[in-house]
Amino acid sequence: MYLHLGQDTVIKMDEIVGIFDLETATVSKISRDYLARAQKSGQVVNVSLELPKSFVVCRDETGRLTVYISQISTATLLKRTGFVEGLSNL
């Protein structure tokens, strides 16, 4: 399955490490430092033309990390994954 992040960008759902709210995650110095290091090393892909709301950390089959910055909220991204519906069926 794939997840649409906006601006014609889709990622494989099995490569997702985590989906994070940009506003709340950047309160932490650790998260800010991580994003800064990822930006410096060229791992950040900005798929947002508007105010960014979330970031998605992915690891591909070779182990390479990519951080996608998206204008789509974490709630919407989680709904698109179907993860929440899967939990309610348990």
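Structural data are supplied above this passage.
Residues numbered from 1 in each chain as written. Predicted model: local features only at pLDDT ≥ 70, side-chain atom pairs only at ≥ 80, totals over all residues. Heavy atoms only, no water.

A few words now on the environment of V44. Structurally, V44 is set in strand β4 (residues 44-46). The exposure class of V44 is partly exposed, given its relative accessible area of 21%. Considered as a pair, V44 and V67 are 23 residues apart in the sequence and their alpha carbons are 4.7 Å apart. For V44, the contacting residues outside a window of four places in its chain are L35, A38, Q39, V67 and I69. (Helix = DSSP H or I, 4+ residues; strand = E, 2+ residues; numbered from the N terminus. Buried < 20%, exposed > 50% of the residue type's maximum accessible area, 1.4 Å probe, protein only. Contact = heavy atoms within 4.5 Å.)

Spatially, the 4 strands line up as an open sheet ordered β3-β5-β6-β4, and their pairing is mixed. Each having just a single partner strand, β3 (16-21) and β4 make up the two edges of the open sheet. Strand-to-strand twist in this sheet, taken as the mean axis angle between neighbours without regard to direction, amounts to 20 degrees. With 3 bridges joining them, β4 and strand β6 (residues 65-70) adopt parallel strand pairing. In the strand pairing of β6, V45 is matched with Y68. Along the sheet face, helix α3 (residues 74-81) touches β3 and β5 (54-59) and points at about 145 degrees away from the line of β3. (Pairing = 2+ DSSP bridges. Axes fitted to C-alpha atoms, helices over the stretch in contact; angles between N-to-C directions.)

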